[in-house]
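Structural overview
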2 protein chains.
Amino acid sequence: MPELRRDPITGDWVIIASERAKRPSDFAGHSPGKSDDEKGGGKSCPFCPGNETMTPPEIMAFRHPGSQRNGPGWWVRVVPNKFPALGIEGDLNKTGFGMYDWMNGVGAHEVIIETPEHDRQLSFLENRQIEDVLWAYRARYLDLKKDPRLKYILVFRNYGKVAGASLSHPHSQLVATPIIPGVVANELQGARRYAEYRDRCVFCDIVRQEQDEEKRLVTENEHFVVFEPYASRTPFETWIVPKRHASSFAAISAEEQTSFAGILGETLRRLHICLDDPPYNYNIHTAPCDNDADAEFHWHLSISPRLTIAAGFEMGTGIYINVTPPEAAAEYLREVSVQAASSTKEESAVGSEKSGE
Amino acid sequence: MPELRRDPITGDWVIIASERAKRPSDFAGHSPGKSDDEKGGGKSCPFCPGNETMTPPEIMAFRHPGSQRNGPGWWVRVVPNKFPALGIEGDLNKTGFGMYDWMNGVGAHEVIIETPEHDRQLSFLENRQIEDVLWAYRARYLDLKKDPRLKYILVFRNYGKVAGASLSHPHSQLVATPIIPGVVANELQGARRYAEYRDRCVFCDIVRQEQDEEKRLVTENEHFVVFEPYASRTPFETWIVPKRHASSFAAISAEEQTSFAGILGETLRRLHICLDDPPYNYNIHTAPCDNDADAEFHWHLSISPRLTIAAGFEMGTGIYINVTPPEAAAEYLREVSVQAASSTKEESAVGSEKSGE
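As the structure is a prediction and not an experimental result, all values here were calculated from the model.

The next thing to look at is the overall build of chain A. When helices and strands are counted, chain A shows eight helices and 15 strands. Within chain A, the proportion of its 357 residues that are buried is 52%.

In structure tokens:
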């Protein structure tokens, strides 16, 4: 069973995933993040149709009528992670060893398989399909939220081996934790501090200023705005923020979900074209489970292309050095041919050029 | 001039290094951290003897008598970084743009060239030479500390391209910032919180518990203890902590410095042998400049081998997933042949085996 250990100085929690335990020789070659890059999928890919028995039994799936659980016929499939960072079984135990705090690693770690097609990236799926991936995120969130042991649920996506993806078949992940993570606590605290002074939502104010200034705006539609944040930590960091204030992404309406799928796909295609298929991570920032109607948070999705390396300076200070000002990044992303970025056909989008260059 | 921008939600500062500005095509290939890996050094390496004019004019150097400033004849040389993250010139200006906070990027960014020998890694230098590198760190710290614009000084080392090193000639770096960085503020706050309850130093207590438990201990000498921290964020994270309580690394005595050089070299050699020359970052954690006799901090050096990738989960939560329990890592590091690890000859150390395996 994984463990949670707390840093006695900073209070940060760390997961010691002892079941995944690695010996020094497992790190040989120093290429962290080697992908099992089984091009074309097929027999060896546990996420390809026909290989359903290579994963733990499925938790849910969107399936064609008449197809069998744990068999082919699905278009989105959710399974437990085979090597979970946190395990779903057992009571939450907390104890101490001398000055050190410990908790057993209770939680959930699931994989959302986004399509049966091994080589078709999320960004080039039909909007309907992206929307169903988002509905799967929400369904799993709402189900896990009922578990009183779980305090926070993070949906994230690692794309490309540099971004930590170990399998190339399109998938996202979800981890539910028995604590409110430090990054989340910081964002909540920041939003509360701002609201105390001004009685307004900091995210709503950011959206307003970005729409007014325009220079960091990438695109927008009826329900969402996409921009490069003022203090972008990495080149081409990109946020998708709903215009309607809501603290939980699960509060999304059907109309908003369609709109979200459309703008998520478009934004990922803009990044794909502009940066030539970059590795990236995206995360959904949402309020903690037990208070997800909290008026002081405002859910959003952040995308971080992995173009540079956080090194000793970033580790020692927490201050990121960003070599591409967000104003310049936004301009590059706006210049991407809208036609190409709006296309749902990978072929046409990959082949097209940026306009104006 | 670089800028400092503050995240309006978390309050974290980001450096926008506009002079290093990168366009999308500069990121092509998606291999962040490509090294100018000029094996053997020679004409193209700005840190090799004879190429002193390829760097900005030197700030200080340990030189043989009769040698000329900015010419060969040095054994440790400190120069300004040619592409500084923060610039030393000008007054510190602070302003706001609507809701956003801004500061111009005043600070210092220096490079400590550790040896004239291009292919001789820090870990395999003579102890005397490592000690002189440490004296250079201290000399630069004490000089920059006089500048009232500077609030914090970080000494760090990036080794290997995966760890962000862009040049392979052995070097460390120093960055002085006009703010107290978030990571440092957190550690200080944690140490203070602990001291408030117990009237003891949290680091002194950690050293005591590690010495008692032994299972995470790697090695120790008269003045320092080396261990894998209880809540190690990454496999083989290793700390070197002075036994004598002192909040600033500049408070080190001559005897302690010799001891520090010895145990730093030995620890890096243990990691080198155990993990087959891993990429790593190390940082010196020390108190902020204006209060560096503050009794509630305890300086130390942390080494983080770069064996795994922090991905979407780590970015979204701040919770690290560590696949090697520190107890196991400590055992592997203890098992390294002490003779090999204590050797100052690269040849003998690289060729030797771990004992007991």
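That was the structure; now back to the text.
Time to look at the environment of C201(B). Residue and element names in this part refer to chain B. The residue C201 is located in the loop between α2 (182–198) and α3 (202–213) in this model. Between the alpha carbons of C201 and P56 there is a distance of 42 Å; along the sequence they are 145 residues apart. Residues in contact with C201, not counting those within four places in the same chain, are A191, A195, H245, E296 and H298.

Residue and element names in this part refer to chain B. As summarised here, the arrangement of the ten strands in space is β3-β4-β7-β9-β8-β13-β14-β12-β11-β10, forming an open sheet in which the pairing is antiparallel. The open sheet has two edge strands, β3 (60–63) and β10 (217–220), and neither has a second partner. Geometrically, the sheet is characterised by an average inter-axis angle of 15° between neighbouring strands, direction not taken into account. Examined bridge by bridge, β3 and strand β4 (residues 74–80) share four bridges and lie antiparallel to one another. Across the sheet, A61 pairs through a bridge with R77, a residue of β4. Sitting on the sheet, α3 is in contact with β10, β11 (224–227), β12 (238–242) and β14 (300–305), with an inclination near 70° to β11.

In this section: the relation of the copies chain A and chain B. Each copy of the sequence occupies a distinct position, and chain A is placed on chain B by a rotation of 180° and an axial shift of 0.0 Å, giving an RMSD of 0.0 Å. Here the two chains are linked by the operation of a two-fold rotation axis. A shared interface surface links the copies, since 100% of the contact residues of chain A are contact residues in chain B too.

In this section: the interface of chain A and chain B. The interface is formed by 82 residues belonging to chain A together with 82 residues belonging to chain B. The element that contributes the greatest number of residues to the side of chain A that touches chain B is helix α2 (residues 182–198) of chain A, accounting for seven residues. Its residues placed into classes, the side of chain A that touches chain B shows 46 nonpolar, 24 polar and twelve charged. Note: strand β15 (residues 320–322) of chain A against strand β2 (residues 13–16) of chain B, three bridges, orientation parallel. In the sheet register, N322(A) faces β2(B), and the bridge partner there is I16(B).

All names here are of chain A. At a closest axis distance of 8 Å, the pairing of helix α1 (residues 127–144) and helix α4 (residues 254–275) adopts a crossing angle of 115°. As judged from the angle between their axes, α1 and α4 are roughly perpendicular. Here the hand of the crossing between α1 and α4 comes out right-handed. Contacts between α1 and α4 involve N127, I130, E131, L134 and W135 on the former and, on the latter, Q257, T258, F260, A261, G262, L264 and G265. Residues belonging to the contact of α1 with α4 are distributed by class as follows: six nonpolar, five polar and one charged.

For the rest of this paragraph, the subject is the sheet that holds strand β6 (residues 100–104) of chain A. An order of β5(A)-β6(A)-β1(A)-β2(A)-β15(B) is seen for the five strands of this open sheet, with the pairing classed as mixed. Each edge of the open sheet carries a strand with a single partner, namely β5 (94–97) of chain A together with β15 (320–322) of chain B. This sheet shows a mean twist of 30° between the axes of neighbouring strands, independent of strand direction. Here strand β1 (residues 3–6) of chain A runs beside strand β2 (residues 13–16) of chain A; their pairing, made up of four bridges, is antiparallel. The partner of L4(A) across the bridge, within β2(A), is I15(A).

All names here are of chain A. Its twelve residues give helix α3 (residues 202–213) an end-to-end C-alpha distance of 16 Å, which sits within 8% of 16 Å, the value for a rise of 1.5 Å per residue. What α3 keeps buried is the set V202, F203, I206, V207 and E210. Seen from one end, α3 has its buried residues packed into an arc of 140°, which puts them on one side. Buried residues belonging to α3 abut α2, β10 (217–220), β11 (224–227), β12 (238–242) and β14 (300–305). Downstream of α3 by a residue or two, E214 has a phi angle that is positive, lying close to 70°.

Time to look at the pairing of β14(A). Remember that side chains alternate between the two faces of the sheet whenever the strand is regular. Residues and elements named next belong to chain A. Of all six residues making up β14, six are buried, and the element is well covered by its neighbours. Covered by surrounding structure in β14 are H300, S302 and S304 together with L301, I303 and P305, the residues of both alternating faces. In the sheet, β12 pairs with β14 via three bridges, with the strands oriented antiparallel. Bridge assignment links W239 to a residue of β14, and that residue is S302.

Further remarks concern the environment of H245(A). All names here are of chain A. The topology assignment puts H245 in the loop between β12 and α4. Along the backbone, H245 and P181 are 64 residues apart, and their C-alpha atoms lie at a distance of 23 Å. The residues touching H245, leaving out its near neighbours within four places in the chain, are C201, C204 and H298.

Residues and elements named next belong to chain A. The backbone of N70 shows a phi angle near 60°, a positive value even though the residue is not glycine. By the secondary structure assignment, N70 is in the loop between β3 (60–63) and β4 (74–80). Accessibility expressed as a C-beta count within 10 Å gives 15 for N70, which makes it partly exposed. Positive phi outside glycine occurs at D276, with the angle close to 60°.

A few words now on the confidence of the model for chain A. Within chain A, residue pLDDT values average 91, and 90% of them lie at 70 or more. Per-residue pLDDT stays below 50 along residues 346–357 of chain A; that stretch engages in 22 contacts with residues further than four places along the chain or on separate chains.

Residues and elements named next belong to chain B. Along its 18 residues, helix α1 (residues 127–144) runs 26 Å from first to last C-alpha, staying within 8% of the 26 Å computed at 1.5 Å per residue. Of the positions making up α1, those classed as buried are Q129, I130, E131, V133, L134, A136, Y137, R140, Y141 and L144. Looking at the packing, one finds that the buried side of α1 touches β4, β7 (108–113), β8 (152–159), β9 (171–177) and α4 (254–275).

Residue and element names in this part refer to chain B. Positionally, W74 belongs in strand β4. Note: C-alpha distance between W74 and T258 (184 residues apart in sequence) is 20 Å. With residues up to four places along the chain from it excluded, the contact list for W74 reads A61, F62, R63, S67 and P116.

Conventions and cut-offs
- Along every chain, residues carry numbers that run from 1 in the direction the sequence is written.
- By the order in which they are written, chains take letters starting at A while ligands take numbers starting at 1.
- Note on the predicted model: pLDDT of at least 70 is required for a residue's local features to be given, and 80 or more for side-chain atom pairs to be given and counted; whole-chain, interface and lining totals, by contrast, use all residues.
- Comment: elements are numbered from the N terminus, with helices defined as DSSP H or I runs of at least four residues and strands as E runs of at least two.
- Counting other C-beta atoms within 10 Å of each residue's C-beta, where C-beta atoms are placed from the backbone, gives the exposure class: buried for 20 or more, exposed for 12 or fewer, partly exposed between.
- We call two residues in contact if the C-beta atoms placed from their backbones are at most 7 Å apart.
- Only strands joined by at least two bridges in the DSSP assignment are considered to pair.
- Interaxial angle, 0 to 180 degrees, is taken between N-to-C directions of lines fitted to C-alpha atoms, where a helix line uses only the stretch in contact.
- The copies were overlaid with a least-squares fit restricted to C-alpha atoms from residues scoring a pLDDT of at least 70 in each copy.
- Amino acids are sorted into nonpolar (Ala, Val, Leu, Ile, Met, Phe, Trp, Tyr, Cys and Pro), charged (Asp, Glu, Lys and Arg) and polar (every other residue, Gly among them).
- For classification purposes, angles smaller than 35 degrees are called roughly parallel, those larger than 145 roughly antiparallel, those between 65 and 115 roughly perpendicular, and all remaining angles oblique.
- The crossing is said to be left-handed when, going from far helix to near helix, the turn is anticlockwise and less than a right angle, and right-handed when the turn is clockwise.
- To estimate how far a helix should extend, the number of its residues minus one is multiplied by 1.5 Å.
- Picture the helix axis, draw a direction to every C-beta atom, and the arc is the one those directions span.
- One number per residue, pLDDT, summarises how confident the predictor is, and it ranges from 0 to 100.

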